[in-house]
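# Summary of structural features
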Number of protein chains: 2
Amino acid sequence: MVSIKERRTIRKYKEDNVDRELLNELLETASRAATMGNMQLYSVVVSRDDEMKRKLSPLHFNQPMVMNAPVVLTFCADFNRFSKWCEQRSAVPGYDNMLSFFNAVSDTLLFVQNFCVLAEEAGLGTCYLGTTLYNPKGIIDTLELPKLTFPVATITVGWPDECPEQPDRLPLSGIVHEEVYRDYTLSDIDAIYERKEKLEENKRFVEINNKETLAQVFTDLRYTKKDNESMSSGLLETLRTQGFL
Amino acid sequence: MVSIKERRTIRKYKEDNVDRELLNELLETASRAATMGNMQLYSVVVSRDDEMKRKLSPLHFNQPMVMNAPVVLTFCADFNRFSKWCEQRSAVPGYDNMLSFFNAVSDTLLFVQNFCVLAEEAGLGTCYLGTTLYNPKGIIDTLELPKLTFPVATITVGWPDECPEQPDRLPLSGIVHEEVYRDYTLSDIDAIYERKEKLEENKRFVEINNKETLAQVFTDLRYTKKDNESMSSGLLETLRTQGFL
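Heads up: these notes are all about the structure in this document. If you're wondering where the values come from, they're calculated on a predicted model, not measured in any experiment. Numbering of residues starts from 1 in each chain and follows the order in which that chain's sequence is written. Key to labels: chains lettered from A, ligands numbered from 1, both in the order written. Thresholds applied to this predicted model are a pLDDT of at least 70 for local features of residues and 80 or more for the giving and counting of side-chain atom pairs; totals over whole chains, interfaces and linings are not thresholded and use all residues. The basis for every side-chain value is the complete set of heavy atoms in the structure, and neither hydrogens nor water enter the calculation.

Contact with chain A, which involves 113 residues of that partner, is made by 113 residues of chain B. Carbon and sulfur atoms make up 60% of the surface buried where chain A meets chain B, a total of about 10600 Å² over both sides. The working definition used for a salt bridge is a side-chain nitrogen of Lys or Arg within 4 Å of a carboxyl oxygen of Asp or Glu. Inspection of the chain A/chain B interface yields 10 salt bridges. Across the salt bridge formed by Glu 197 of chain A and Arg 89 of chain B, the nearest N and O atoms sit 2.6 Å from each other. The term polar contact refers here to a pair of N or O atoms within 3.5 Å; inside protein, the definition further demands a hydrogen-donor-capable atom paired with an acceptor-capable atom, and it admits residues adjacent in sequence only when both atoms are side-chain atoms. The tally of links from chain A across to chain B stands at 78 residue pairs in polar contact (both at pLDDT 80 or more). Looking at which element gives the most residues to the side of chain A that touches chain B, the answer is helix 6 (residues 98–121) of chain A, with 17 residues. Gly is placed with the polar residues, together with every amino acid not listed as nonpolar (Ala, Val, Leu, Ile, Met, Phe, Trp, Tyr, Cys and Pro) or charged (Asp, Glu, Lys and Arg). Looking at the side of chain A that touches chain B, its residues break down into 57 nonpolar, 30 polar and 26 charged. What makes two strands pair is DSSP finding at least two bridges between them. Counting from the N terminus, the helices are DSSP H or I runs at least four residues long and the strands are E runs at least two residues long. Pairing between strand 1 (residues 42–47) of chain A and strand 5 (residues 176–178) of chain B: 3 bridges, direction parallel. Bridge pairing in strand 5 of chain B links Val 44 of chain A to Val 176 of chain B. In this description, contact between two residues means that some pair of their heavy atoms is separated by no more than 4.5 Å. Summed over both partners, buried area is the accessible surface (1.4 Å probe) that two parts give up on being assembled.

All names here are of chain B. Two elements in contact, helix 3 (residues 50–59) and helix 7 (residues 136–143), have axes whose closest approach is 9 Å; the angle formed by their N-to-C orientations is 170°. By the angle between their axes, helix 3 is roughly antiparallel relative to helix 7. Residues Met 52, Lys 55, Leu 56 and Leu 59 of helix 3 form the contact with helix 7, whose own contacting residues are Gly 138, Ile 139, Thr 142 and Leu 143. Axes here refer to lines fitted to C-alpha atoms; in helices the fit is confined to the stretch in contact. Angles between the N-to-C directions go from 0 to 180 degrees. To sort the angles, those under 35 degrees are grouped as roughly parallel, those over 145 as roughly antiparallel, those from 65 to 115 as roughly perpendicular, and the leftovers as oblique.

Right, let's get into the environment of Leu 23 of chain B. Along the chain, the position of Leu 23 of chain B falls in helix 2 (residues 20–30). As for Leu 23 of chain B and Gly 174 of chain B, which are separated by 151 residues in sequence, their C-alpha atoms are 36 Å apart.

Here helix 10 (residues 214–222) of chain A has its buried residues at Leu 214, Ala 215, Gln 216, Val 217, Phe 218 and Thr 219 of chain A. Buried residues in helix 10 of chain A make contact with helix 8 (186–198), helix 9 (200–208) and helix 11 (225–241) of chain A together with helix 5 (80–88) of chain B. Each residue is placed in one exposure class: buried if its accessible area under a 1.4 Å probe, protein chains only, is under 20% of its type's maximum, exposed if it is over 50%, and partly exposed if it falls in between.

Let's shift gears to empty space enclosed by the protein. Cavity and pocket criteria rest on a 1 Å grid covering protein atoms alone: a 1.4 Å probe that fits but cannot get out defines a cavity, protein on both sides within 12 Å along at least 5 of 7 lines defines an open pocket, and an atom within 4 Å of a point defines a lining residue. Grid points are joined across faces, edges and corners, and a volume is the space filled by probe spheres set on the points. Tallied over the entire structure, the rule returns 2 cavities of 30 Å³ or more. Put simply, the largest cavity is a space of about 40 Å³. What lines the largest cavity is Arg 7, Gln 113, Cys 116, Glu 120, Thr 126, Cys 127 and Tyr 128 of chain A together with Ala 34 of chain B. When contributions to the lining of the largest cavity are tallied by element, the ones reaching two or more residues are helix 6 and strand 3 (125–129) of chain A. A breakdown of the residues in the lining of the largest cavity according to their chemical character gives 4 nonpolar, 2 polar and 2 charged. Forming the walls of the second largest cavity are Phe 102 and Ser 106 of chain A together with Phe 101, Val 105, Leu 109, Leu 133, Phe 150 and Val 152 of chain B. Counting residues per element, the ones that place at least two in the lining of the second largest cavity are helix 6 of chain A together with helix 6 (98–121) and strand 4 (149–158) of chain B. When its residues are assigned to classes, the lining of the second largest cavity shows 7 nonpolar, 1 polar and no charged.

On to the packing of aromatic side chains. Pairs of aromatic rings are described using the distance from one ring centre to the other and the angle between the two planes. Only rings of Phe, Tyr and Trp enter the pairing, Trp through its six-membered ring, and a pair is recorded when the two centres are within 6.5 Å. The plane angle decides the type: under 30 degrees is stacked, over 60 is edge-to-face, the rest tilted. Throughout the structure, instances matching the rule amount to 35 aromatic pairs over all chains. Ring centres of Phe 218 of chain A and Tyr 223 of chain A lie 6.2 Å apart, and the angle between their planes is 15°; on these two criteria the pair is classed as stacked. The exposure classification of Phe 218 of chain A matches that of Tyr 223 of chain A, with both residues buried. Considering the side-chain rings of Tyr 42 of chain B and Phe 111 of chain B, the 4.1 Å spacing of their centres and the 15° angle between planes classify their relative orientation as stacked. Residue Tyr 42 of chain B is found in strand 1 (residues 42–47), and its partner Phe 111 of chain B is found in helix 6; the two are separated by 69 residues along the sequence. In this pair, the class of Tyr 42 of chain B matches that of Phe 111 of chain B, namely buried.

All names here are of chain B. In this fold, Met 67 is placed in helix 4 (residues 65–68). On a C-alpha basis, the gap between Met 67 and Lys 53 in space is 5.9 Å, while along the polypeptide they are 14 residues apart. The contacts of Met 67, once residues within four sequence positions are left out, are Asp 50, Lys 53, Arg 54 and Ser 57.

Our focus in this paragraph is the nonpolar core. Ranked by size, the top nonpolar core spans 172 residues in total, and within it Phe 75, Phe 82 and Phe 115 of chain A together with Phe 75, Phe 82 and Phe 115 of chain B carry the most contacts. If we skip the residues at most four places from it in the chain, Phe 82 of chain A touches Met 39, Leu 41 and Tyr 95 of chain A together with Tyr 193 and Phe 218 of chain B. We define the nonpolar core as a collection of buried residues of types Ala, Val, Leu, Ile, Met, Phe, Trp, Tyr and Cys that are connected through side-chain atoms lying within 4.5 Å of one another.

A few words now on the pattern of salt bridges. Under the criterion given, the structure shown has 35 salt bridges over all chains. Of the charged contacts in the structure, one is a salt bridge between Glu 120 of chain A and Arg 7 of chain A, with a shortest N-O distance of 3.2 Å. With Glu 120 of chain A in helix 6 and Arg 7 of chain A in the loop between helix 1 (2–5) and helix 2 (20–30), the pair connects residues that are 113 residues apart, well separated along the chain. Salt-bridge contacts for Glu 178 of chain A lead to Arg 20 of chain B; the nearest nitrogen and oxygen are separated by 3.3 Å. A residue pair is termed interchain when its members come from two chains, as with Glu 178 of chain A in strand 5 (residues 176–178) and Arg 20 of chain B in helix 2.

Here we take up the sheet that holds strand 4 (residues 149–158) of chain A. One open sheet accounts for 5 strands, arranged 3(A)-4(A)-2(A)-1(A)-5(B); its pairing is mixed. If you trace the sheet from one side to the other, it starts and ends with strand 3 of chain A together with strand 5 of chain B, each paired once. The average angle at which neighbouring strand axes cross in this sheet is 25°, direction not considered. Summarising the sheet, strand 1 of chain A and strand 2 (residues 71–78) of chain A pair through 6 bridges and their orientation is antiparallel. If you follow Tyr 42 of chain A over to strand 2 of chain A, its bridge partner there is Ala 77 of chain A.

Read across the sheet, 5 strands follow the order 5(A)-1(B)-2(B)-4(B)-3(B) without closing on themselves; strand pairing throughout is mixed. The two strands at the open ends of the sheet, each matched to only one other strand, are strand 5 of chain A together with strand 3 (125–129) of chain B. Going from strand to strand, the sheet's axes swing by 25° on average, the running direction of each strand aside. Helix 6 of chain B contacts strand 1, strand 2 (71–78), strand 3 and strand 4 of chain B of the sheet and is inclined by roughly 150° relative to strand 2 of chain B.

In structure tokens, the structure reads:
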């Protein structure tokens, strides 16, 4: 499918709004994604209001897409709705645990990606904000998410006002394993990352940051052990307060 | 897009094989999905061999699709490849934690759903096996998954030999929240689940199982608190042995 093959992340949007009817149509079609036992363990909070986006923005490290996109969607794992239904129907829900959380996360992310494919097919641009799990507590407070829900993914949506280069991808042979996982040898790793390491923009990236290797840009600057560990603590703590752990 | 709108889970497949070239083309295009920092934190293990499928089958509660589909794909969160690259490039990886696990899970599930959309667009049928997280340890052993990988989703793939009814979905209004999460009142819940509860097949389902309500079929039989808690323990334990917790 051309829209998937030609996909790029869009961070700059025209001022035009995204009609509520169009958005709802895309979300409704997206809900055709596979879902565990047809429980549909997700919700989505639509932010259009500038005031709400201003509150969300710092929680996403002030990435400009939050303020500039006409629509910000926060997709949440949701066992609240289903559990409320159970309680109202003389059934005792048992979804305050990690397996249930993961089931809801899976449902949510399949729904998210289905939505993104549909939005892009309709000519919209999207950006997936990886920051949602960095500060879930702040997002929970801002969007008033109740127990047994959890923000999993944030997507900014709007009409594209740029057409950036497509980023590189690893060769498929580095990702696919036949029958069993064939662990990577030193030369496998060299071959898989060769293209990425040879890209001019990546070489510049290493230089600008005064690093020896591209990998060090990731480990020392972008995704550090210290940050990951500190945010993992916050994540586990928030899973506890949301009732999943 | 028609293929998403008309989507149904396919559990019965023709005997025809799925060409390796076609499968690889679909997987390669699927890898255009958004990925955290362009790290592509996933791998996929392709099972075609009957011997391997026979080992996987009980781990998926002997659901017949595992043996009957020409291809079984196990999609894994993977920080092993990336960490090996770091180590080989004088960089110290810090991805043995829960945040990193979740980042890899997100990458994986976006890739999974992109693949499913593309496969269905190409006329293939897919079934998402929710059982992958029920017994991750068994799958890890069978597919020889190393530390810092984790099986997240299993998809059976083949040429459809059935065209089942599309399952119901909740009304979109029950899933979308404007600006903040509006928690559900008693009458909201009644309205959201009304269609599902009135379906003849669901009424039969309640009757056959000697239950009072459809919700009880879920809580007492399909997804019980006891099972969820026991499998949550296994899940956390396996996250530990795989190096993420």
